[in-house]
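Fold and geometry: a report
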Amino acid sequence: MAEHEATRVTHTPPAAPVPEAWIRTELARDPQRPYPMDFIEALFTDLSELHGDRAFGDDPAMMCGMARFHGEAVMVIGNLKGRTLKERVSRKFGSPEPEGYRKALRAMKIAEKFGRPIFTFLDLAGAYPGIGAEERGQGEAIARNLIEMSRLRVPTIATITGEGGSGGALALAVADRVLMLENAIYSVISPEGCASIMWKDSSKKQQAAAALKYTSFDVKRLGCVDDVVPEPTGGTQKDFPAAMGMLDTRLMAHLDEIRSMPVNLLLEQRYEKFRKIAQFYTSS
């Protein structure tokens, strides 16, 4: 009688733990998470929207308007993503085109003229990458915003509420104070894009997320943001009123601090802050 072959036992290796960076990425991208316009409507009153860039058109992915913050006249700017599929398509999923950045800059210059503090809110993966946007000067529009924001003679506060991606986000974030919600992310590239470049495999997005160091606490350690705003357990989407209360308190505190500075000192500190971002020192 033939001997029975030994039963082969296979062991499935345990799944690798999901990096914390990827967990926060999914929270930042949660479709139920409040978008910039939700924050603006909750924190500001008497909103009067401005339209058009006075050059090409009115970008539906960018909202600019005069409003009041605790009774004070301010300028608010934020990208728009939309909730329904139709809205998302019309707004390019929240990715502004050149006219959006030019509209934002026009609003900032109006605020500077009338001495109004500027608040920006960001949740975008990056500027729109279409051919038309490039033909109309996407790179120039972003670069112009970087230059002009660095020398605005009014207090500026930027808040990253979800995903802050690449130059598209930075074009609204050269501010005296840059705040970031606890579960937001801020990076030069998406984890999928990074994985595609580094490993030619976008499925390694979790590995890329961990390597990019783009969570709020990582970015804070690098000096790229000034304050991390706590969120309720499970994210802002789980308790929007509580999250708004925490953000409102932080915004008011930072505004009080920078509003009291002389303009020349404000500009000097803004310049020095961005010059020192992500510097590393070694000692023997």
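These remarks concern the structure in this document. Quantities reported herein were computed from a predicted structural model and do not represent experimental measurements.

Procedures and definitions
- Residues numbered from 1 in each chain as written.
- Predicted model: local features only at pLDDT ≥ 70, side-chain atom pairs only at ≥ 80, totals over all residues.
- Heavy atoms only, no water.
- Axes fitted to C-alpha atoms, helices over the stretch in contact; angles between N-to-C directions.
- Helix = DSSP H or I, 4+ residues; strand = E, 2+ residues; numbered from the N terminus.
- Parallel < 35°, antiparallel > 145°, perpendicular 65-115°, else oblique.
- Contact = heavy atoms within 4.5 Å.
- Nonpolar A, V, L, I, M, F, W, Y, C, P; charged D, E, K, R; others polar.
- Polar contact = N/O pair within 3.5 Å; in protein donor to acceptor, adjacent residues only side chain to side chain.
- Core = buried A, V, L, I, M, F, W, Y, C linked by side-chain atoms within 4.5 Å.
- Buried < 20%, exposed > 50% of the residue type's maximum accessible area, 1.4 Å probe, protein only.
- 1 Å grid on protein atoms, 1.4 Å probe; cavity = no way out; pocket = protein on both sides within 12 Å on 5 of 7 lines; lining within 4 Å.
- Points joined across faces, edges and corners; volume = space filled by probe spheres on them.

1. Thoughts on the packing of helix α8 (residues 191-198) against helix α9 (residues 205-212)
- Look at α8 against α9: their axes get within 8 Å of each other, and the N-to-C directions meet at 100°. The angle between α8 and α9 places the two elements in the roughly perpendicular class. Of the residues in α9, those in contact with P191, E192, C194 and A195 of α8 are K205, A208, A209 and L212.
- Residue classes in the contact of α8 with α9 are distributed as six nonpolar, no polar and two charged.

2. Thoughts on the environment of R136
- Counting through the fold element by element, R136 comes out in the loop between α5 (131-135) and α6 (138-150).
- Expressed as a C-alpha distance, the spacing of R136 and M261, which sit 125 residues apart in the sequence, is 38 Å.
- Residues within four places of R136 in sequence aside, it is in contact with F56, E97, P98, E99 and R102.
- A polar side-chain atom of R136 sits 3.0 Å from a polar atom in the side chain of E99.

3. Section: the nonpolar core
- Grouped together as the largest cluster of nonpolar side chains are 57 residues, with contacts concentrated most on F44, I77, F119, F121, L247 and L251.
- Ranked by residue count, the leading element in this core is helix α11 (residues 240-259), at six residues.
- In this view, F119 contacts F44, F69, V74, M75, V76, I77, I157, L251 and L255; residues no more than four positions away in its chain are not counted.
- Grouped together as the second largest cluster of nonpolar side chains are six residues, A21, A28, A209 and Y214 included.

4. Some thoughts on the layout of surface pockets
- For the largest pocket, the calculated volume is near 330 Å³.
- Lining the largest pocket are 16 residues, and of these Y186, S187, V188, V219 and C224 sit closest to its centre.
- Secondary-structure elements contributing two or more residues to the lining of the largest pocket are α7 (166-170) and β7 (185-187).
- Among the elements that line the lining of the largest pocket, the one with the most residues is α7, at three residues.
- Here the residues of the lining of the largest pocket sort into 12 nonpolar, three polar and one charged.
- Quantified by volume, the second largest pocket comes out at close to 290 Å³.
- Taken together, 15 residues line the second largest pocket, and the ones lying closest to its centre are R29, Y35, K81, F93 and E163.
- For the lining of the second largest pocket, a count of residues per class yields six nonpolar, three polar and six charged.

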